[in-house]
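Report on the structure
Here is what each chain is made of, one letter per residue.
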Amino acid sequence: MRIAVVGTGYVGLVTGTCFAETGNTVTCVDIDQKKVDKLKGGTITIYEPGLDHLFLRNLKESRLHFTTNLAEGIKGAQIIFLALPTPPGEDGSADLSYVLGVSGQLGKILEAYAVIVDKSTVPVGTADKVRDAIGKNAKVEFDVVSNPEFLREGVAVDDFMKPDRVVIGTSSERAKALMQQLYAPFVRQGNPIVYMDERSAELTKYAANAFLAAKITFMNEIARMCERLDADVDMVRRGIGGDERIGKRFLFPGIGYGGSCFPKDVQALFKSAEDVDYDFRILRSVMEVNQEQKTYLVPKIKRYFGDLKGKHIALWGLAFKPNTDDIREAPALYIIEALLKEGARVTAFDPEAMENVKRVVGDKITFADNQYDALNGADALVIATEWSAFRTPDFEAMEGKLNKKVIFDGRNVFEGPQMKALGYYYESIGRRPVKP
Ligand code: NAD
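Residues numbered from 1 in each chain as written. Predicted model: local features only at pLDDT ≥ 70, side-chain atom pairs only at ≥ 80, totals over all residues. Heavy atoms only, no water.

Comments concerning the site of the ligand
Test applied: Note on definitions. A residue lies near a molecule or strand when any single heavy atom of the residue is within 4 Å of it. Pairing of N or O atoms within 3.5 Å defines a polar contact, subject to two protein rules: one partner must be a possible hydrogen donor and the other a possible acceptor, and residues neighboring in sequence count only if both atoms are side-chain atoms. Here a helix means four or more residues in a row that DSSP labels H or I, a strand means two or more in a row labelled E, and each is numbered from the N terminus. Amino acids are sorted into nonpolar (Ala, Val, Leu, Ile, Met, Phe, Trp, Tyr, Cys and Pro), charged (Asp, Glu, Lys and Arg) and polar (every other residue, Gly among them). Throughout, the edges of the domains are those of an automatic or database domain assignment.
Taken together, 26 residues are adjacent to the ligand, and Asp30, Lys35, Thr86, Glu153 and Lys264 come closest. Here Val11 contributes a backbone N or O atom positioned 2.8 Å from an oxygen atom of the ligand. At 3.2 Å, a side-chain N or O of Arg328 approaches an oxygen atom of the ligand. Contributing elements (two or more residues each) for the shell around the ligand: helix 1 (10-21) and helix 5 (97-109). Considered class by class, the residues forming the shell around the ligand number eleven nonpolar, seven polar and eight charged. Split by domain, the shell around the ligand shows at least three residues from each of two domains, domain 1 (2-195) and domain 2 (205-292).

Quick notes on the pairing of strand 2 (residues 25-29)
Quick note on the threshold: The rule is simple: take the accessible area with a 1.4 Å probe, protein chains only, and divide by the maximum for that residue type; under 20% is buried, over 50% is exposed, in between is partly exposed. Strand pairing requires that DSSP identify at least two bridges connecting the strands.
With four of five residues buried, strand 2 lies mostly within the body of the structure. In this sheet, strand 3 (residues 64-67) lies alongside strand 2 in parallel orientation, the contact comprising four bridges. Bridge pairing in strand 3 places Cys28 opposite Phe66.

Some details on the domain arrangement of the protein
Note: interface size is frequently given as the accessible area lost on complex formation between the parts. Selection rule: Should any heavy atoms of two residues lie within 4.5 Å, those residues are considered in contact. What gets called buried area is simply the loss in accessible area from a 1.4 Å probe that two parts show on being joined, summed for both.
Assigned domains of the protein: these are domain 1 (2-195), domain 2 (205-292) and domain 3 (294-427). Taking only C-alpha atoms, the centre of domain 1 and the centre of domain 3 are 37 Å apart. Between domain 1 and domain 3, the residue contacts involve seven residues of the former and nine residues of the latter. Roughly 650 Å² is buried in total at the junction of domain 1 and domain 3, and carbon and sulfur atoms are behind 43% of that figure. When the buried surface of domain 1 facing domain 3 is broken down by residue, Tyr10, Tyr47 and Glu153 rank first, second and third, together holding 81% of it.

Points about the environment of Asp128
By the element assignment, Asp128 lies in helix 6 (residues 126-135). Along the primary structure Asp128 and Arg199 are separated by 71 residues, whereas in three dimensions their C-alpha atoms are 9.0 Å apart.

Side note on empty space enclosed by the protein
The line we're drawing: For each structure, a 1 Å grid was placed over the protein atoms alone; sets of points admitting a 1.4 Å probe that cannot get out are labelled cavities, open sets with protein on both sides within 12 Å along at least five of seven lines are labelled pockets, and lining residues have an atom within 4 Å of a point. Grid points are joined across faces, edges and corners, and a volume is the space filled by probe spheres set on the points.
A full pass over the atoms with the stated rule returns two cavities of 30 Å³ or more. The volume enclosed by the largest cavity comes to roughly 40 Å³. In terms of lining residues, the largest cavity is bounded by Asp118, Ser120, Thr121, Val122, Ser146, Pro148, Glu202 and Lys205. Residue classes in the lining of the largest cavity are distributed as two nonpolar, three polar and three charged. Its volume calculated, the second largest cavity comes out at about 30 Å³. Lining the second largest cavity, in full, are Thr86, Pro87, Pro88, Gly92, Ser93, Ala94, Thr121, Tyr206, Lys264, Asp265 and Ala268. Sort the elements by how many residues they give to the lining of the second largest cavity and helix 11 (residues 262-275) lands first, with three residues. Here the lining of the second largest cavity is built from residues that sort into five nonpolar, four polar and two charged. No fewer than three residues from each of domain 1 (2-195) and domain 2 (205-292) sit in the lining of the second largest cavity.

Quick look at helix 15 (residues 354-361)
Rules: Arc, as used here, means the arc of the directions from the helix axis to the C-beta atoms.
Listing the buried residues of helix 15 in full gives Met354, Val357 and Val361. What you see down the axis of helix 15 is that its buried residues fit within an arc of 60°, all on one side. Looking at the buried residues of helix 15, the elements they touch are helix 14 (331-341), strand 10 (345-349) and strand 11 (366-367). Backbone geometry just downstream of helix 15 places Gly362 in the positive-phi region, at approximately 55°.

Concerning the nonpolar core
This is how the line gets drawn: Residues grouped as a nonpolar core are buried Ala, Val, Leu, Ile, Met, Phe, Trp, Tyr and Cys residues, joined through side-chain atoms within 4.5 Å.
One finds Leu315, Leu318, Leu381, Met398 and Ile407 to be the most contacted residues of the largest nonpolar core, which totals 61 residues. Considering each element in turn, this core owes the most residues, six residues, to helix 14. Taken domain by domain, the makeup of this core includes at least three residues from each of domain 2 (205-292) and domain 3 (294-427). Not counting chain neighbours up to four residues away, the residues in contact with Leu318 comprise Ile327, Ala330, Ala332, Ile336, Ala348, Asp350, Ala353, Met354, Val357, Phe367 and Thr385.

Structure representation (structure tokens):
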């Protein structure tokens, strides 16, 4: 099939590459000339494990193309995906200007029947708005489908190639048949394609993200209770995770969720509820608790030192989660801001996200070449992202670098007894502090 993907960011590039991988001819469109030039030249623009290999192969075999020209990009495409940003507007609702702007343009340039698929996360009713925006100028028939994307950054290729389920919202049999054909290679193991109406598909994506955000937040509150009641959240987590109704995943407490999706999607669903006169109380709490959680370690650090003025803090991890360079809404950024406000100095290390953070914080903090150099002369180490390389570091190489052996761990990457044996003062989330 011939496919176009409009918007070549995290979702668009993975979508385009994975559809090319199953034999389709894909053209990815983006307004960012620099990004398109790089991609055309064989340089990948995001860090996503496993993507570079597929990207290069499909580029080489001429199944993957890039352009900034929308008309050229969609020429001959049977299916056109919109993988455009839907950032929060001022009132928290999803900003649809990218999606509707491109839809308006599509109406003018469509030359033959095509299925326009919304892959962006959009509020209920957007498919109708997209249909109207295209229909205003369209001279040919078209269908609009809602096909929300559930991939997770860091494992996006795997998630896309082997999805738990594919959700397709459409009221058109013609569009359904094309979507079925396109997705057939991805659901060969029996993972379902769930067909539904467009509105339900749109809400499904928000329901999934809001549920997961609430699950994390619930555990973060249980962790706070553990600290107050002298219990250990790891034990509680294991104790409840064995219950199939609860499940083992998404039960790890930490310094809150971040990223480009959960925060904005929870906010957007909350706003959607307000718009229909519903006060979505759980989501209000989820947002409040998560906001506090991002800087939850800072009062602990302050309590330990008394005053943070002049203190030098080493920070491991900047990305909002491991295996990505994405720093959107990353807790580390909030920690940096809070520490600087308290008068501390920060030296940070992250395996992939340092360039992105440099662009945001400039020279307000320093960056280290590796995780061990970040510790040189620091008064404490703070861990904000659970990169694998932080889990079993070379503790010998760490010896003598920190002024004092003090660690505040926002991702519970170490075990208390191990830290005690190594002589560290160690605080984590929802577990008893360890004193050397
Ligand atoms: P992104 O910011 O990484 O990518 C968006 C791309 O669209 C950028 O490259 C931008 O230059 C381009 N763009 C903007 N305006 C354009 C235009 N007029 N024409 C062509 N290109 C244009 O965003 P993303 O993370 O890929 O997210 C896209 C959508 O997918 C959002 O709605 C998001 O909520 C949703 N989503 C994201 C993820 C994720 O993990 N990132 C997962 C599922 C769903």
